[in-house]
Amino acid sequence: MISREEVRHIANLARIKLTPKEERKFQKELASILDYVEKLKKLDVSKIEPTTHAVWVENVLRKDQSFPADPKVREKMVEMAPDQEQGWIKTKAIL
Amino acid sequence: MIPSNLTIARAHQGLIKKEFSAVELCQAFLDKIKKEDKKIGAFLTLNENQALLEARKIDDLISQKREIPILAGIPLAIKDNILVKDLRATAGSRILENYIAPYSATVIKKLKSQGAIILGKTNLDEFAMGSSGENSGFFKTKNPRDLSRVPGGSSSGSAAAVTADFCCAALGSDTGGSIRLPASFCGIVGLKPTYGAVSRYGLIAMASSLDQIGPLSKTVEDSEILFGAISGKDPQDSTSLDPKIFKPPKEKKPEAFKIGLPKEYFIGGLKKEIKEILDFTIKKLKDFGLKIEEISLPHTEYALPTYYIIVPSEVSANLARYDGIKYGRSKVKEKIKNLIEVYFKTRQQYLGEEPRRRILLGSFALSSGYYEAYYLRAQKVRTLIGKDFERAFKKVDLILTPTSPTPAFKIGEKQDPLAMYLSDIFLVAVNLAGLPAISLPVSKEGLPIGVQFIAPPFLESRLFKIGKILEKI
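Below is a summary of the structure that appears in this document. In this text, all values refer to a predicted model and were calculated from it rather than measured experimentally.

The next thing to look at is the overall build of chain B. Assigned secondary structure in chain B consists of 15 helices and 11 strands. Here chain B has a C-alpha radius of gyration of 22 Å; the compact-globule value for 473 residues is 23 Å, and the two agree. Over its C-alpha atoms, taken along the principal directions, chain B stretches across nearly 70 × 60 × 45 Å. Across the 473 residues in chain B, those meeting the buried criterion constitute 67%. Restricting the contact set of chain B to residue pairs at least 6 apart, pairs at least 24 apart contribute 75%. A total of about 16,900 Å² of accessible surface is found on chain B, and carbon and sulfur atoms cover 52% of it. Taking the average place of the 69 positive charges on the side chains of chain B and the average place of its 52 negative ones, the gap between the two points comes to 2 Å.

The structure is reproduced here in structure tokens:
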């Protein structure tokens, strides 16, 4: 069973603010989902390797070269930022 | 007059035989969308002017008697989590309500290189999280076959657009059934390709180790045409693969295919209408001369719990980027002192309930003290699920299952998140194992129901072969 405290803690880790009502609701729903996945504990997986991707390749390499991007695409990407100045993305001071 | 229910193949014939022009074809779909989409809600954005402009170019080519590719002038709909340059891409989320794609996804570049026409962007469950189409941040899409029911999700708008005849075909994405479930609920064909067969570059990521783009179409032939157009290795997606690295087995005639029925999929009993349609399909295949045998996929019951650890974990990482700084809706310009408060308030206001639920679940499964018990364990069970299929495909060429445990349900019927997750019970194992699978419509009357065929990696060709047989018999 996941506690209210734990819900608050992970919401903080995930940078999501919850109202007290949402905390209660998510606590209940997460508990029910976690209860459902409990089933996985029945299996002995001590000798099993984990799968991260269902593809059969590893170490996809290429030459360490830079490719010039289309300056218009760059411009448009910066334009998509909610706050910007002179081609830079603006944010709140962190210090 | 443009004939109704045009497939890609039929529309191509119409264009080259000059039964109608590309502009007329495009206009006919746009008119129909404008007239009828209010009650269905398939589209989030229409691309009217650009679509007509591009159709005109195709007409020029035709009038110059130039040979045109099969997709030239063909109007398609695109799920709104796939980027089309200069068009809005919301992924069904309010947080991306104002986001204009600065570049196109690789699949879009490939379609456009053939001259395909993008009619617009279709609705979806927010960030492709949902099984019904009800989780969109904008509005619910309805099932064109019965407006009181859901179309299935998360590629809800793409499935509805194909079913309502708003386009020839559409692209969707499938992380745990998001192409196949709506295809089943709407009575159309939906293909989830092998993981790595289609580039994910320009697909807004949900769960990166599972997401694949694929076609929703009126026929198996169209599914094959679109898959052929969008697949292939892409240097922009290091998980995309050249199918040639697999030595394809010597293919038998489709009449000699052996089909496996996994017994675990039938434990606990199926709903009567699903069982009937499956028995009917099995009988037809047997009459055609195909061999059907029972197989076992012993870890089937663990697929959905595994999926609901792995997906939220990847979601919590992928959605960290929606912080109100780089793009999308934001609180950064409001009078807030700290950067961290910008994150908190932006994500609280603009991310919907299901994305937040999955972010929380994933953050929990990955957090210190729980990582091994949940995430690592799920990844190990994922290995076992993959091995089940490997073993099964030593005995049979294809696996047959129902696509969904029920036909399309009523809008508002499933309020509990876990009950909604169970809609994908027959579908998620395929994504965990990275396999290709297709949902084919089999019911001729009543609410549509699909059956699913699963093939070994990179053998989509087998799915098309069996699909064409089933269309005929």
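Moving on, there is more to tell.
A tally of regular secondary structure across chain A gives 3 helices and 2 strands. Listing every helix and strand of chain A by position from the N terminus yields α-α-α-β-β. Taking 95 residues into account, the globule formula puts the C-alpha radius of gyration at 12 Å, and chain A, at 23 Å, lies well above it. In terms of its C-alpha atoms, chain A occupies a principal-axis envelope of roughly 55 × 45 × 25 Å.

On to the side chain of Asn123 of chain B, then. Residue and element names in this part refer to chain B. Relative to the elements of secondary structure, Asn123 occurs in the loop between β3 (117-122) and α5 (156-163). With relative accessibility at 0%, the residue Asn123 sits in the buried group. Not counting residues up to four positions away in its chain, the partners in contact with Asn123 are Gly41, Ala42, Phe43, Leu44, Ser136, Phe139, Lys140, Thr141, Ser154, Ser156, Gly157 and Ser158.

Time to look at the packing of aromatic side chains. All names here are of chain B. Using the criterion set out here, one finds 14 aromatic pairs over all chains in the structure. Between Phe127 and Tyr322, the ring centres sit 4.8 Å apart and the planes meet at 40°, which makes this aromatic pair tilted. Here Phe127, found in the loop between β3 and α5, pairs with Tyr322, found in the loop between α9 (303-318) and α10 (339-350); they are 195 residues apart in sequence, far enough to count as distant. The pair formed by Phe127 and Tyr322 is uniform in burial state, with each residue classed as buried. When the ring of Phe227 is compared with that of Phe464, the centres are 6.0 Å apart and the planes differ by 50°; the resulting orientation is tilted.

Residue and element names in this part refer to chain B. You can see Asn81 is positioned in the loop between β2 (75-79) and α4 (106-113). Asn81 sits in the buried class, given a relative accessible area of 2%. Residues in contact with Asn81, not counting those within four places in the same chain, are Ala91, Leu124, Ala128, Ser173, Gly202, Leu203 and Ile204.

In this section: the packing of helix α2 (residues 22-40) of chain B against helix α3 (residues 48-63) of chain B. Residues and elements named next belong to chain B. It is at 7 Å that the axes of α2 and α3 come closest, and there the two elements cross at 160°. Classified by the interaxial angle, the pair formed by α2 and α3 is roughly antiparallel. Where α2 approaches α3, its residues Ala22, Val23, Cys26, Gln27, Leu30 and Lys34 are matched on the opposing element by Glu48, Ala51, Leu52, Ala55, Arg56, Ile58 and Asp59. A per-class count over the contact of α2 with α3 returns 8 nonpolar, 1 polar and 4 charged.

Across the contact, 73 residues belong to chain B and 52 residues belong to chain A. Across the chain B/chain A interface, buried area totals approximately 5,800 Å², and carbon plus sulfur atoms make up 70% of it. Contact with chain A buries area across many residues of chain B, yet Phe344, Leu360 and Arg377 of chain B alone supply 12% of it, more than any other trio. Linking chain B with chain A are 7 salt bridges, by the criterion used here.

Here the focus is the packing of helix α1 (residues 4-13) of chain A against helix α11 (residues 353-366) of chain B. Close contact between α1 of chain A and α11 of chain B brings their axes to 9 Å; oriented N to C, the two are set at 100°. If you check the angle between α1 of chain A and α11 of chain B, you find them roughly perpendicular. Residues Glu6, Ile10 and Ala11 of chain A of α1 of chain A lie in contact with α11 of chain B, whose contacting residues are Leu360, Ser363 and Phe364 of chain B. Tallied by class, residues from the contact of α1 of chain A with α11 of chain B come to 4 nonpolar, 1 polar and 1 charged.

Trans is the prevailing form of peptide bonds, just as negative phi is the prevailing case for residues other than glycine. Residues and elements named next belong to chain B. A cis geometry characterises the amide bond from Gly153 onward to Ser154, with omega recorded as 10°. With a phi close to 65°, Asp165 is a non-glycine residue in the positive phi region. Here Asp165 lies in the loop between α5 and β4 (169-174).

What follows covers the pattern of salt bridges. Applying the stated rule across the entire model yields 37 salt bridges over all chains. With a shortest N-O distance of 2.7 Å, Asp86 of chain B and Lys76 of chain A are connected by a salt bridge. With one member in each of two chains, Asp86 of chain B in the loop between β2 and α4 and Lys76 of chain A in helix α3 (residues 71-79) form a pair that bridges those chains. What makes Asp86 of chain B partly exposed here is its relative accessible area of 43%. For Lys76 of chain A, a relative accessible area of 26% gives the class partly exposed.

So, about the sheet that holds strand β8 (residues 291-295) of chain B. Within a sheet, adjacent strands bond to each other through the backbone by hydrogen bonds, running parallel or antiparallel. All names here are of chain B. Reading across from one edge, β1-β3-β2-β4-β6-β5-β10-β11-β9-β7-β8 is the order of the 11 strands in this open sheet, with mixed pairing throughout. Only two strands of the sheet have a single neighbouring strand rather than two, namely β1 (43-46) and β8. Sheet twist, expressed as the average angle between the axes of neighbouring strands with direction ignored, equals 25°. With 5 bridges connecting them, strand β10 (residues 437-441) and strand β11 (residues 450-454) associate as antiparallel partners. When the sheet's bridge partners are listed, Ser439 is paired in β11 with Gln452. α4 contacts β2, β3, β4 and β6 (212-217) of the sheet and is inclined by roughly 175° relative to β2.

With 16 residues, α9 of chain B should cover 22 Å at 1.5 Å per step; its first-to-last C-alpha distance of 22 Å lies within 8% of that length. Taken across its 16 residues, α9 of chain B has 15 buried, putting it largely inside the fold.

Procedures and definitions
- Residues numbered from 1 in each chain as written.
- Chains lettered and ligands numbered in written order.
- Predicted model: local features only at pLDDT ≥ 70, side-chain atom pairs only at ≥ 80, totals over all residues.
- Heavy atoms only, no water.
- Helix = DSSP H or I, 4+ residues; strand = E, 2+ residues; numbered from the N terminus.
- Rg over C-alpha atoms; globule rule 2.2 N^0.38 Å.
- Buried < 20%, exposed > 50% of the residue type's maximum accessible area, 1.4 Å probe, protein only.
- Contact = heavy atoms within 4.5 Å.
- Areas by Shrake-Rupley, 256 points an atom, 1.4 Å probe, with all protein chains shown as cover.
- Lys, Arg positive; Asp, Glu negative; His and termini not counted.
- Charge placed at Lys NZ, Arg CZ, Asp CG, Glu CD.
- Phe/Tyr/Trp six-rings, centres within 6.5 Å; stacked < 30°, edge-to-face > 60°.
- Axes fitted to C-alpha atoms, helices over the stretch in contact; angles between N-to-C directions.
- Parallel < 35°, antiparallel > 145°, perpendicular 65-115°, else oblique.
- Nonpolar A, V, L, I, M, F, W, Y, C, P; charged D, E, K, R; others polar.
- Buried area = accessible area lost by both parts, 1.4 Å probe.
- Salt bridge = Lys/Arg side-chain N within 4 Å of Asp/Glu carboxyl O.
- Pairing = 2+ DSSP bridges.
- Expected span 1.5 Å × (residues − 1).

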